[in-house]
There are 4 protein chains.
Amino acid sequence: MVTDAQQACFEAGIKFGSLYHQFAGTPVSPDSTRSLEAAMAEAIENQPFCESVDVSIDDERVAAAIDHENGYTELTGSLMTVEMRIDYEGVTARTRMEMEDGYPLMKLLDIDE
Amino acid sequence: MVTDAQQACFEAGIKFGSLYHQFAGTPVSPDSTRSLEAAMAEAIENQPFCESVDVSIDDERVAAAIDHENGYTELTGSLMTVEMRIDYEGVTARTRMEMEDGYPLMKLLDIDE
Amino acid sequence: MVTDAQQACFEAGIKFGSLYHQFAGTPVSPDSTRSLEAAMAEAIENQPFCESVDVSIDDERVAAAIDHENGYTELTGSLMTVEMRIDYEGVTARTRMEMEDGYPLMKLLDIDE
Amino acid sequence: MVTDAQQACFEAGIKFGSLYHQFAGTPVSPDSTRSLEAAMAEAIENQPFCESVDVSIDDERVAAAIDHENGYTELTGSLMTVEMRIDYEGVTARTRMEMEDGYPLMKLLDIDE
């Protein structure tokens, strides 16, 4: 038996893994952060039970990560913060990815049954 | 408050989304299915709390999906079955992705607390 | 010895392979085509020698490709047309990806030395 | 007009961009480098005109890149060397990706018409 709350958490995880591994590696510069944020959020919001996605790519961290003359870097978890809300059969799961001890940690913030 | 079982389900979802969106689109032919299965399983088993991953790419479906003279197609969910076992703080979640009504559905099979 | 024109063609190919394999598999619906087009173009324009990228995702083909109740599909070459212009040391290469015999063919249109 | 040598260079670039952006971001540890190398090579060899692909992921650099307790990192260009040979209508292009000044540079080594 799987509860609706457990299923909501599973769905939340799917969205995070999808977002991360679809878009990690994308060439990014301070000039292209806004369009990438919008595309990432709208793409993942297409997935089932995904009510909202908010992606914030940090322009200053992007600029600092550019370590060669070409003027861009590749998107990694350390450059962005992501929040999502999943609704599954009346259960709402709120999640967040942010840097913690140098690792972009994906976290369940709360589950509202 | 998030229970260990809910956290196990969240972790299980992350692995599925990661596997799918990292490898979907990979050029594949009946000659390259075994190496791709092995790489997908070993890559995702690196992730935290992921005890085992088994990927089976269906050679016949790959052959049938090749619709142009180049002799290969791109990996999609309809060409594979995936099973995973996640262990989080003593809770085991077993999951499976398989075709259901033409859609590659990711499912929680059971959660053993 | 490699000529500037040959190098321009090599650079053009890199951009096409990058664009395709970075973004293939992205969840897409008629509601999210514009943001994805913009992000794809701006991301690849970051790469060296890439003067312009134009991505057109076909809303009608996206709608027709949605074959399950979830209301979205995954981006593939059959859903989009892409044009790029590469400038390398004064050589301009113009390229295009479009459907030809059921296969999304990447083509060098002309090279202006 | 596009020459066969220019077309060979375009095809070489496509393979490099494909390989890089399909597999960048894959979770990797010293235990999973061999299977990932094999899958990357066999996947890209499926593409048209691609005679051979050799991928070498550097175990020591992978180990050094692991900067958190989870025991893995994500594949980037700085962790691997790639060589490819493209044959297009009798023209052979040899290419290589390796680190140069901290950037994984993709290079045309020679073109044999």
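Rules and cut-offs
- Residues numbered from 1 in each chain as written.
- Chains lettered and ligands numbered in written order.
- Predicted model: local features only at pLDDT ≥ 70, side-chain atom pairs only at ≥ 80, totals over all residues.
- Heavy atoms only, no water.
- UniProt positions renumbered as here; feature names shortened; annotations may be inferred.
- Contact = heavy atoms within 4.5 Å.
- Buried area = accessible area lost by both parts, 1.4 Å probe.
- Salt bridge = Lys/Arg side-chain N within 4 Å of Asp/Glu carboxyl O.
- Polar contact = N/O pair within 3.5 Å; in protein donor to acceptor, adjacent residues only side chain to side chain.
- Helix = DSSP H or I, 4+ residues; strand = E, 2+ residues; numbered from the N terminus.
- Buried < 20%, exposed > 50% of the residue type's maximum accessible area, 1.4 Å probe, protein only.
- Least-squares fit on C-alpha atoms with pLDDT ≥ 70 in both.
- Nonpolar A, V, L, I, M, F, W, Y, C, P; charged D, E, K, R; others polar.

- Taking an unreviewed UniProt entry as the reference, chain A is identified by name as Dihydroneopterin aldolase belonging to Halohasta litorea.
- What UniProt records for chain A under Sequence similarities (unreviewed entry) is the sentence "Belongs to the archaeal dihydroneopterin aldolase family."
- Comment text from UniProt for chain A, heading Catalytic activity (unreviewed entry), reads "7,8-dihydroneopterin = 6-hydroxymethyl-7,8-dihydropterin + glycolaldehyde".

### Looking at the interface of chain C and chain D
Inference 1: The partner chain D presents 24 residues to the 23 residues of chain C that form the contact.
Inference 2: Summing the contributions of chain C and of chain D, the shared interface buries around 1900 Å²; its carbon and sulfur component is 65%.
Inference 3: The largest per-residue losses of area from chain C upon contact with chain D belong to C:Gln6, C:Phe10 and C:His21, which jointly make up 34% of the total buried on that side.
Inference 4: Remark: the boundary between chain C and chain D carries zero salt bridges.
Inference 5: The interface formed by chain C and chain D includes four residue pairs in polar contact (both at pLDDT 80 or more).

### A short note on the environment of B:Ile86
All names here are of chain B.
Inference 1: Within the secondary structure layout, Ile-86 lies in strand S4 (residues 80–88).
Inference 2: Spatially, the C-alpha atoms of Ile-86 and Thr-3 are 15 Å apart, while their sequence positions differ by 83 residues.
Inference 3: Sequence-distant contacts of Ile-86, that is, excluding residues within four places in its chain, are made with Ala-8, Glu-11, Ala-12, Lys-15, Phe-49, Cys-50, Val-91, Thr-92 and Ala-93.

### Some points on unusual backbone geometry
Inference 1: Backbone geometry at C:Phe49 places phi at a positive 70°, although glycine is not the residue there.
Inference 2: Residue position: C:Phe49 is located in the loop between helix H2 (33–45) and strand S2 (50–57).
Inference 3: Unlike most non-glycine residues, D:Glu89 shows phi in positive territory, near 50°.
Inference 4: Following the sequence through the fold, D:Glu89 ends up in the loop between strand S4 (80–88) and strand S5 (91–100).
Inference 5: Judged by relative accessible area, D:Glu89 falls into the exposed class, the value being 59%.

### What about the relation of the copies chain A and chain B?
Inference 1: Least-squares fitting of chain A to chain B yields an RMSD of 0.0 Å, with the transformation described by 0.0 Å of translation along the axis and a rotation of 180°. As the rotation angle and translation indicate, the two copies are arranged about a two-fold axis.
Inference 2: Mapped onto chain B, 100% of the interface residues of chain A are again interface residues, and the two copies thus contact each other with one and the same surface.

### Digging into the interface of chain A and chain B
Inference 1: The interface of chain A with chain B comprises 24 residues on the first partner and 24 residues on the second.
Inference 2: Interface area lost by chain A to chain B is led by A:Gln6, A:Phe10 and A:His21, which between them contribute 34%.
Inference 3: The tally of links between chain A and chain B comes to zero salt bridges.
Inference 4: Inspection of the chain A/chain B interface yields four residue pairs in polar contact (both at pLDDT 80 or more).
Inference 5: Of all elements in the fold, only helix H1 (4–23) and strand S6 (103–112) of chain A reach the threshold of two or more residues within the side of chain A that touches chain B.
Inference 6: Here the side of chain A that touches chain B gets 13 residues from one element, more than from any other, and that element is H1(A).
Inference 7: For the side of chain A that touches chain B, a count of residues per class yields 13 nonpolar, nine polar and two charged.

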